[in-house]
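Observations on chain architecture
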Amino acid sequence: MGLRKIFTTSSASGFTLIEVVVVLGLFVSILAMTAFIGVQSYRRYAFYTQRSLAVSALQKARSQALNNLCLGSNCTGGQPHGVHFTADGRCEIFQGLSFDPADPDNQTVCEDEGVAFEPADVVFLPLSADSAAGPISFSLADTLGHSALITVGSFGQILWAN
């Protein structure tokens, strides 16, 4: 009789409520961890992208100064070129010894409110691409604790570290 009970099936089949709740709880936990990791990865990627854009802006301004370029219709001769960094995550390439926000030839290169730059203006002199103010270091950081230091040497070399 014991063997007969083992091989007989009951008419009730399916999952119990406890089994369904446990599986749903595990699924929600895994989904929450995956979403958290995904957001962290995205913010890290956005920070390093912003840092790379800032370095690219410095390299472009240095190249324009080195090549003695003069942008705009009312410009004659070569001009210094520089990059203006703001606390709200913007960096703009400009020409001249100082940044003029009204100049239509300014080029906005990076703009991310989640990353803050230490406000600075970096200017490269024409033909030599030397830094007009000597060595300059400034930092950028985001709200998650990522930070980087960018240094422009007096001879125009651009260095960065995380």
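Below: a short report on this structure. Treat the numbers as computed from the prediction; the structure is a model and nothing was measured.

**Concerning unusual backbone geometry**
Non-glycine residue Asn68 carries a positive phi angle of around 60°. With respect to the helices and strands, the residue Asn68 is situated in the loop between helix H2 (17-66) and strand E1 (81-85). Even without glycine at this site, Ala129 takes up a positive phi of about 60°. With respect to the element layout, Ala129 can be found in the loop between strand E5 (120-124) and strand E6 (136-142).

**Overview of H2**
Helix length check: H2, at 50 residues, gives a terminal C-alpha distance of 73 Å against a target of 74 Å (1.5 Å per residue), a fit within 8%. Of all the residues in H2, the buried ones are Arg43, Ala46, Phe47, Gln50, Arg51, Ala54, Val55, Ala57, Leu58, Ala61, Gln64 and Ala65. The first or second residue beyond H2 is Asn68, which carries a positive phi of 60°.

**Details of the pairing of E1**
Counting buried residues in E1 gives 5 out of 5 residues, a clear majority hidden from the surface. Going residue by residue along E1, you find His81, Val83 and Phe85 tucked away on one face and Gly82 and His84 tucked away on the opposite face as well. Relative to strand E2 (residues 90-95), E1 is paired through 5 bridges, and the arrangement is antiparallel. Note on E2: the bridge partner recorded for Val83 is Ile93. Count of turn residues in the E1/E2 antiparallel hairpin: 4 residues, of which Gly89 carries a positive phi of about 85°. Direction of pairing for E1 relative to E5: antiparallel, over a ladder of 5 bridges. When the bridges of E5 are listed, Phe85 appears paired with Ala120.

**A look at the state of the cysteines**
The full count for this structure, using the stated rule, is 1 disulfide. At a sulfur-sulfur separation of 1.7 Å, the disulfide partner of Cys91 is Cys110. Residues Cys91 and Cys110 are joined by a disulfide whose S-S torsion is about 135°; by sign, that bridge is right-handed. On the criterion of sequence distance, the pair formed by Cys91 in strand E2 and Cys110 in strand E3 (residues 107-111) is long-range, its members being 19 residues apart. Here Cys91 and Cys110 have matching classes, each one buried.

**A few points about the sheet that holds E2**
Here 4 strands make up an open sheet; going across it, the order is E3-E2-E1-E5 and the pairing antiparallel. Both edges of this open sheet fall to E3 and E5, since each of them pairs with a single strand only. Pairwise comparison of adjacent strand axes, ignoring direction, gives a mean angle of 15° for this sheet. For E2 and E3, the ladder comprises 4 bridges, and the chain directions are antiparallel. When the bridges of E3 are listed, Glu92 appears paired with Thr108.

**Observations regarding the nonpolar core**
Core analysis: the biggest nonpolar cluster contains 24 residues, and Leu58, Val83, Phe85, Phe117, Val122, Phe124 and Phe138 have the highest contact counts within it. Within the residue set of this core, elements represented by two or more residues are H2, E1, E2, strand E4 (115-117), E5, E6 and strand E7 (147-152). In terms of residues, this core owes the most to one element, H2, which gives 7 residues. When sequence neighbours within four positions are dropped, the list of residues in contact with Val83 reads Ala57, Leu58, Ala61, Cys91, Glu92, Ile93, Phe94, Ala120, Asp121 and Val122.

So, how was this worked out
Note on numbering: residues in each chain are counted from 1, in written sequence order. Per-residue local features are limited, in this predicted model, to residues with pLDDT of at least 70; the limit for side-chain atom pairs, both in listing and counting, is 80 or more; totals at the level of whole chains, interfaces and linings are taken over all residues. With hydrogens and water excluded, all non-hydrogen atoms of the structure serve as input to the side-chain values. Working definition: helices are DSSP H or I runs of at least four residues, strands are E runs of at least two. Numbering for both runs from the N terminus. How far a helix is expected to stretch is found by multiplying one less than its residue total by 1.5 Å. Burial here depends on accessible area, computed with a 1.4 Å probe over protein chains only, as a share of the maximum for the residue type. Under 20% is buried, over 50% is exposed, and the range in between is partly exposed. Being paired, for any two strands, means DSSP has found at least two bridges between them. Two cysteine sulfurs form what is called a disulfide whenever their separation falls within 2.5 Å. To get an axis, a line is fitted to the C-alpha atoms, and for a helix only the part in contact is used. The angle between two axes follows their N-to-C directions and goes from 0 to 180 degrees. In this description, a nonpolar core means a group of buried Ala, Val, Leu, Ile, Met, Phe, Trp, Tyr and Cys residues linked to one another through side-chain atoms lying within 4.5 Å. The contact rule is simple, with two residues in contact once any of their heavy atoms fall within 4.5 Å.

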